[in-house]
Structure formats: C-alpha cells, structure tokens
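Residues per chain, in single letters:
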Amino acid sequence: MKIKKIEKLLIYVNSGMDRPYNQYASYAVAFTAKKVHNIPDVMVFYNVQGVEVAKKGNLAKLAFPEDVKKLIAGQFEGLKPEDLPDNLEQMARFVKDDLGVKIGSCASFHVVDGFATSLEDTSNIEDFIMPVKIPDAVEAALSADKILYF
C-alpha cells in the first residue's frame, strides 16, 4: 500500500482509562508510524478528555496479556511476543526513548482535573510525558501533516 509522504503525525488521544483500546491503538499506531513507515516526527498527545491517562501509574494499569502479545507480534516481521512490554507504560517509554516519539498532555487540564497545581507542575504526571500549553498544542495541530484521533 502506498501512502502519501507524511513528515509530521499527531495522534490525539481524547479518551481516558474507560477506553483502553484507544490507549493501546494510539501506541500501536505510533510504533508502526516510526518503525514501519519511518515518519520522522510522531507525537502522542493526551487532549482534554484524555489527560487522566497521563497521571502517574495509569498507563501501567493497562497490561499486555500474553495472547495479545502473540496477536500483535504476529503482524510485524521479526517481532516476537517476548519483545513486547508487559504494560502500556513500558510501551510508552520504549516509543519515546528508543523511537523518538514525543508524548505530551494538555497542561491546562492537568490543573482543571485537579492533579496539578500549575501548568508547570509535573509531580503527578508520568516523567516521560511533557505538559503542553494551549499555544503549543494548537501549533502542533496546525503544523501536522496528518492528525489521527483516538
């Protein structure tokens, strides 16, 4: 399948812990975009309805059972089930650290949701997720070649 050349992909996650499949899918897409399609700039962004996922410990609650690992690995050449992490926090760290995927979350709604006291307060969000202010979030959306929504 031939796709239009995409340089910058923004993955909006506007759903919370009540929709775990959206969380899994966002990281599967980020992984595939970087590893298979070689898109240079990929960002997973937790938007207003998704910021709860950025709270410390929430991604770790979303586990990858062995049967799911087998299902996923079977779709990628050279990937074995044991290569996959045990939970979504580990997956997020891998795509960020090893593949260069940016992961951000709406800082304004960290405050609105009550788990941050200011836009800069990162004490209750995962250390690999950057708080993003509204102007930067808008810039990311306006400069993206493609935006996907989960």
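Residues numbered from 1 in each chain as written. Predicted model: local features only at pLDDT ≥ 70, side-chain atom pairs only at ≥ 80, totals over all residues. Heavy atoms only, no water.

A. Region of interest: the overall build of the protein. A tally of regular secondary structure across the protein gives five helices and five strands. Along its sequence from the N terminus, the protein presents helices and strands in the succession β-α-β-α-α-β-α-β-α-β. When burial is assessed residue by residue, the protein has 43% of its 150 residues classed as buried. Long-range contacts, defined here as pairs at least 24 residues apart, represent 75% of the contacts in the protein between residues at least 6 apart. By element, 54% of the accessible surface of the protein is carried by carbon and sulfur atoms, the whole surface being about 8,300 Å². (Helix = DSSP H or I, 4+ residues; strand = E, 2+ residues; numbered from the N terminus. Buried < 20%, exposed > 50% of the residue type's maximum accessible area, 1.4 Å probe, protein only. Contact = heavy atoms within 4.5 Å. Areas by Shrake-Rupley, 256 points an atom, 1.4 Å probe, with all protein chains shown as cover.)

B. Examining the sheet that holds strand β5 (residues 146-149) more closely. Overall, parallel pairing links the five strands, which are arranged β4-β3-β2-β1-β5 in an open sheet. In this open sheet, the two strands that pair with only one neighbour each are β4 (130-132) and β5. Strand-to-strand, the axes of this sheet are offset by a mean angle of 30 degrees, without reference to chain direction. By the bridge criterion, four bridges tie strand β2 (residues 41-46) to strand β3 (residues 102-106) in an arrangement that is parallel. Counterpart to Met 43 in the pairing with β3 is Lys 102. Its contacts with the sheet put helix α5 (residues 134-143) on β1 (8-13), β2, β4 and β5, and the angle it makes with β1 is roughly 125 degrees. (Pairing = 2+ DSSP bridges. Axes fitted to C-alpha atoms, helices over the stretch in contact; angles between N-to-C directions.)

C. Molecular detail of the environment of Gly 57. Examined against the element boundaries, Gly 57 turns out to sit in the loop between β2 and α2 (66-73). C-alpha of Gly 57 to C-alpha of Glu 126: the two residues are 69 residues apart in sequence and 7.5 Å apart in space.

D. Representation of the pattern of salt bridges in the model. Inspection of the entire model under this criterion finds nine salt bridges. With a closest N to O distance of 3.0 Å, Lys 133 and Glu 120 form a salt bridge. With Lys 133 in the loop between β4 and α5 and Glu 120 in the loop between α4 (107-112) and β4, the pair connects residues that are 13 residues apart, well separated along the chain. Bridged by salt links that share partners, the residues Glu 89, Arg 93, Glu 126 and Asp 127 form one connected network. (Salt bridge = Lys/Arg side-chain N within 4 Å of Asp/Glu carboxyl O.)

E. Structural detail: the environment of Lys 56. Note on placement: Lys 56 falls in the loop between β2 and α2. Sequence-distant contacts of Lys 56, that is, excluding residues within four places in its chain, are made with Ser 123, Asn 124, Ile 125 and Glu 126. Within the structure, Lys 56 has its side chain in polar contact with the backbone oxygen of Ser 123 (distance 3.0 Å). (Polar contact = N/O pair within 3.5 Å; in protein donor to acceptor, adjacent residues only side chain to side chain.)

F. Geometry of the packing of helix α1 (residues 20-35) against helix α3 (residues 88-97). In the contact formed by α1 and α3, the axes pass within 10 Å of each other and the chain directions differ by 25 degrees. With respect to each other, α1 and α3 are oriented roughly parallel. Like other packed secondary-structure pairs, α1 and α3 cross with a definite hand, here left-handed. Of the residues in α3, those in contact with Gln 23, Tyr 24, Tyr 27 and Phe 31 of α1 are Leu 88, Met 91, Ala 92, Phe 94 and Val 95. For the contact of α1 with α3, the class distribution of residues is eight nonpolar, one polar and no charged. (Parallel < 35°, antiparallel > 145°, perpendicular 65-115°, else oblique. Left-handed = near helix turned anticlockwise from the far one by under 90°. Nonpolar A, V, L, I, M, F, W, Y, C, P; charged D, E, K, R; others polar.)

G. Examining the nonpolar core more closely. Counting residues in each nonpolar core, the largest one holds 31 residues, and the members touching the most others are Tyr 27, Tyr 46, Leu 59 and Ile 103. Where this core is concerned, the elements lending two or more residues are β1, α1, β2 and α3. Setting aside residues no more than four positions away along its own chain, Tyr 27 makes contact with Val 44, Tyr 46, Leu 59, Leu 88, Met 91, Ala 92, Val 95 and Ile 103. (Core = buried A, V, L, I, M, F, W, Y, C linked by side-chain atoms within 4.5 Å.)

Such coordinate-based values are descriptive only and should not be taken to indicate function.
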